[in-house]
Amino acid sequence: MPLARSMSMTSLNGLLQCEDEDLPVEDLLLFEISWEVTNKVGGIYTVIQTKAKTTADEWGENYFLIGPYFEQNVKTQVEFSEPPNPAVKKAMDTMKSQGCQVFFGRWLIEGSPYVLLFDIGSAAWNLDKWKGEFWEVSNIGIPFHDREANDAVIFGSLTAWFLKEFDDKPNIIAHFHEWQAGVGLILSRSQKLPVATIFTTHATLLGRYLCAASIDFYNNLDQFDIDKEAGERQIYHRYCMERASVHCAHVFTTVSQITATEAEHMLKKSPDVVTPNGLNIKKFSAMHEFQNLHSMYKARIQEFIRGHFYGHLDFDLDKTLFFFIAGRYEFSNKGADMFLEALSRLNFLLRVHKTDVTVIVFFIMPAKTNNFNVETLKGQAVRKQLWTMNHLVKLAVCFLCRGEIPDLNKILDRDDISIMKRAIFSTQRHSLPPVTTHNMIDDSNDPILNTIRRIGLFNNRTDRVKVILHPEFLSSTSPLLPLDYEEFVRGCHLGVFPSYYEPWGYTPAECTVMGIPSVTTNLSGFGCFMQEHVADPEAYGIYIVDRRFRSPDESCNQLTQFLYGFCQQNRRQRIIQRNRTERLSDLLDWKYLGRYYMHARHLALSRTFPDKFEMEPSAPPKTEGFRFPRPSSVPPSPSASQHSSPHHSEAEDEDDDERYDEDEEAERDRQNIKSPFSIGALPQGKKKQHGEYRN
């Protein structure tokens, strides 16, 4: 489902949507191969799904996705049909005649691209034969007990077989994602098939394993004994598959500059092109619609809070901010450890300054549970019971509309009074509001809960920071918090993602598209991308924590200051900041970022078929890119020289904000497009400082 944004006068429409570099796509076939085509496992699914429309618009009927066949996924996502391309149909028929099950149809997502799905199980009888052939060409042995690696061999062998069935015409580009698809690339190159190959790594295997072990990864990139580390973690064969794919490909790409640095050390090759991840952005026709959606979904979250904190609802919901962190349950990699420590320090600051601001923090990270927490369900039941008495309010309004003072004796009878008393008694609570909404299977060893116990954030009345762990993905059908993820994000005030290992970072990118400020780090691809494109990211609601060149304690203090500064903003300042954040969404649209993939495809063709496709690799084409200047109006967040304590009035500093003119500021941004930048690696030399771009 595409994320929506407002098409207001603040929208920057100056980004050029370049063509596919004059490639004769009618004479080419583009195959994109991934284990996550129609098969959601992680973030690569989002990359392929959102990019499909832009690529399908460029390539039309000559664009195909290749993935594994899983019946439970296909039933709801694929509409079967016959392949319109004769060459594709011929290759499929050949494979089917030899016992392989191959399925073809349209993937029911935006763009409706063609998909070609291989049934791994139906070809498993060839596993030993294909493992032997793979050993002969690569000297990589696959252990029998590694189911995922064995499936990758079957999938790759089927892919190479399929590509082998094509004649010299049309020319083929095969784009492989991650090591699970890499076997097909290695076999295609070893068989010298006339196919231009691209390999994209979204995160290196070894990098993810090392960071999960809480190792100082980025400061020791050149110190690791790669073979030894992979062997100790029993992933040496997977690492070899990944590394061989990288070195066999005509063009090697990664999703961010930080991952490019990682790949240079882990895989011993620098990428040819950096291909940032984007989103398929759908624009609203109404101005500032995203602000209206924020108010609507914030009210829905407030309803949940009324039930969850019944009996302890002694804080003002109008002065309550909602923060959240979401993603895979990787405690250290996703920065949940640093976030909790920063929340403890934030709680101390808010209490010391006696602020009336309350912060409620949601942890949306799936874990093993035994269903809902009884106390949480009871809270929502109590809230619903109280709302059943709203007919009394309607009666009072009827009296007022007639110009009469309501007579309580006429409105309330004895039963109504009994119900009210019972409702009041039901709101009495002798325990603290629960920290988690579900019963955790192993809560004594859960790292988030253990950290909460250590720092003492138990949702006490005196705490200004409250914590709620929701260990399941959000769903609109949930009896607790009936919101989809997008609706929930729109209702929050700040997304916090202080990741240590994040090759790209879709969660802060999604926040940006929806106009929600977020915290990221300079170790995430998204954070590095924003530093390159935005002169003062903080002014646009992108807070970037330095986790690369600071100690953990210093980084935690910086995160605490970001959170505390955000709490100091008044309502008008938050609205201004959301407008600015939403304005950055053009940078994350596939219509803009798709040009990097275009360049990679052209480069692969020029290297594979130099007689047919010419390109100067040392001088990639220039594209116009934004370098957002710092807004000239008053900053949206207090600086160190301003108030040392939070604002207590929503109307405070209204006079200071009178200089802000959203349309004027957006027009100034449009006129401040900086000089062109090159696709691919960053230019060498001195890096410009932020001040060089300020007005």
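You'll find the protein entered in an unreviewed UniProt entry as Glycogen [starch] synthase, with Serinus canaria given as the organism. The annotation that UniProt attaches to the protein under Sequence similarities (unreviewed entry) is "Belongs to the glycosyltransferase 3 family." According to the UniProt record, the Pathway (unreviewed entry) comment for the protein is "Glycan biosynthesis; glycogen biosynthesis."

Asker: An account of the packing of aromatic side chains is requested, with residue identities and associated values reported.
Answerer: Applying the stated criterion to the full structure yields 33 aromatic pairs. Measuring from centroid to centroid gives 5.8 Å for Trp-35 and Phe-70, while their planes differ by 80 degrees, and the two rings are edge-to-face. In this pair, Trp-35 sits in the loop between strand 2 (28–33) and helix 1 (43–59) while Phe-70 sits in the loop between strand 3 (63–68) and helix 2 (71–77), placing the two residues 35 residues apart along the sequence. Note on Trp-35: relative accessible area 13%, which makes it buried. A relative accessible area of 25% means that Phe-70 is categorised as partly exposed.

Asker: Kindly report on the environment of Phe-339, identifying the contributing residues and their values.
Answerer: Its location among the elements puts Phe-339 in helix 12 (residues 336–352). Under the relative-accessibility criterion, Phe-339 is labelled buried at 0%. A sequence separation of 159 residues divides Phe-339 from Pro-498, and the C-alpha atoms of the two residues are 6.8 Å apart. Those residues in contact with Phe-339, other than ones at most four positions away along the chain, are Ile-325, Val-361, Phe-363, Val-496, Pro-498, Leu-559 and Leu-563.

Asker: Give me the lowdown on the pattern of salt bridges, citing residues and values where you can.
Answerer: Under the defined criterion, the tally for this structure stands at 26 salt bridges. Salt-bridge contacts for Glu-229 lead to Arg-233; the nearest nitrogen and oxygen are separated by 2.6 Å. Across the pair Asp-463 and Arg-351 runs a salt bridge, and its minimum N-O distance is 3.6 Å. Here Arg-351 lies in helix 12 and Asp-463 lies in the loop between helix 17 (447–455) and strand 16 (465–470), a separation of 112 residues in the sequence.

Asker: Account for the environment of Lys-89, naming residues and giving values.
Answerer: Assignment of secondary structure puts Lys-89 in helix 3 (residues 86–97). Measuring from C-alpha to C-alpha, the distance between Lys-89 and Phe-104 comes to 9.3 Å, with 15 residues separating the pair along the chain. Ignoring anything within four residues of it in the chain, the contact list for Lys-89 reads Glu-82 and Pro-83.

Asker: Explain the sheet that holds strand 17 (residues 494–496) to me, using residue names and the numbers behind them.
Answerer: An order of 16-13-12-17-18-19 is seen for the six strands of this open sheet, with the pairing classed as parallel. The open sheet terminates on both sides in strands that have one partner only, identified here as strand 16 and strand 19 (542–545). The average angle at which neighbouring strand axes cross in this sheet is 25 degrees, direction not considered. With six bridges connecting them, strand 13 (residues 358–364) and strand 16 associate as parallel partners.

Asker: Explain the pairing of strand 3 to me, and be specific about the residues and the numbers.
Answerer: Taken across its six residues, strand 3 has six buried, putting it largely inside the fold. Where strand 2 and strand 3 come together, four bridges link them in parallel fashion. What sits directly across from Phe-31, in strand 3, is Phe-64. In this view, the connection linking strand 2 to its parallel neighbour strand 3 by way of helix 1 has right-handed handedness. As paired strands, strand 3 and strand 6 (residues 114–118) are joined by five bridges and run parallel to one another. Bridging from a neighbouring strand, Leu-65 pairs with Val-115 of strand 6.

Asker: Before we move on, could you go through helix 9 (residues 236–248) and cite the residues and values that matter?
Answerer: Taking 1.5 Å per residue, 13 residues should reach 18 Å; helix 9 reaches 18 Å between its end C-alpha atoms and fits that length. What helix 9 keeps buried is the set His-237, Arg-238, Tyr-239, Cys-240, Met-241, Glu-242, Ser-245 and Val-246.

Asker: Please give an account of the confidence of the model for the protein that cites residues and values.
Answerer: The pLDDT averaged across the protein works out to 85; a share of 80% of its residues lies at or above 70. Between residues 1–20, whose pLDDT stays under 50, and residues either more than four places distant or in other chains, the model counts 80 contacts. Predicted confidence for residues 618–625 stays below pLDDT 50, and this span has 25 contacts to residues more than four positions away or in other chains.

Asker: Summarise the sheet that holds strand 6; cite the residues concerned and give the values.
Answerer: The mixed open sheet is built from nine strands, whose spatial order is 4-5-6-3-2-7-8-9-10. If you trace the sheet from one side to the other, it starts and ends with strand 4 (78–80) and strand 10 (273–274), each paired once. Sheet topology places strand 7 (residues 171–177) next to strand 8 (residues 195–201); six bridges connect them, and they run parallel. Paired with Ile-172 across the bridge in strand 8 is Val-195. The strands touched by helix 9 are strand 8 and strand 9 (251–254); relative to strand 8, the strand with the most contacts, the crossing angle is about 135 degrees.

Asker: Explain unusual backbone geometry to me, using residue names and the numbers behind them.
Answerer: One non-glycine residue, Asn-139, lies in the positive phi region at around 60 degrees. Here Asn-139 is to be found in the loop between helix 4 (127–138) and helix 5 (147–164). Exposure remark for Asn-139: the relative accessible area of 55% places this residue in the exposed category. A positive phi is found at Lys-354, a non-glycine position, where the angle reads about 50 degrees. Looking at the secondary structure, you find Lys-354 in the loop between helix 12 and strand 13.

Asker: Explain the nonpolar core residue by residue, including any values.
Answerer: Of all hydrophobic cores here, the largest spans 72 residues; its most connected members are Phe-31, Phe-118, Leu-158, Phe-162, Phe-217 and Met-266. No other element matches the 10 residues that helix 5 contributes to this core. Discounting residues that sit within four places of it in the chain, Phe-162 has contacts with Phe-31, Ile-66, Val-88, Ala-91, Met-92, Met-95, Leu-116 and Phe-118. Of all hydrophobic cores here, the second largest spans 67 residues; its members include Leu-321, Leu-343, Leu-481 and Leu-483.

Parameters and conventions
- Residues numbered from 1 in each chain as written.
- Predicted model: local features only at pLDDT ≥ 70, side-chain atom pairs only at ≥ 80, totals over all residues.
- Heavy atoms only, no water.
- UniProt positions renumbered as here; feature names shortened; annotations may be inferred.
- Phe/Tyr/Trp six-rings, centres within 6.5 Å; stacked < 30°, edge-to-face > 60°.
- Helix = DSSP H or I, 4+ residues; strand = E, 2+ residues; numbered from the N terminus.
- Buried < 20%, exposed > 50% of the residue type's maximum accessible area, 1.4 Å probe, protein only.
- Contact = heavy atoms within 4.5 Å.
- Salt bridge = Lys/Arg side-chain N within 4 Å of Asp/Glu carboxyl O.
- Pairing = 2+ DSSP bridges.
- Axes fitted to C-alpha atoms, helices over the stretch in contact; angles between N-to-C directions.
- Right-handed = clockwise from strand over helix to strand, strands pointing away.
- Expected span 1.5 Å × (residues − 1).
- pLDDT = per-residue confidence, 0-100.
- Core = buried A, V, L, I, M, F, W, Y, C linked by side-chain atoms within 4.5 Å.

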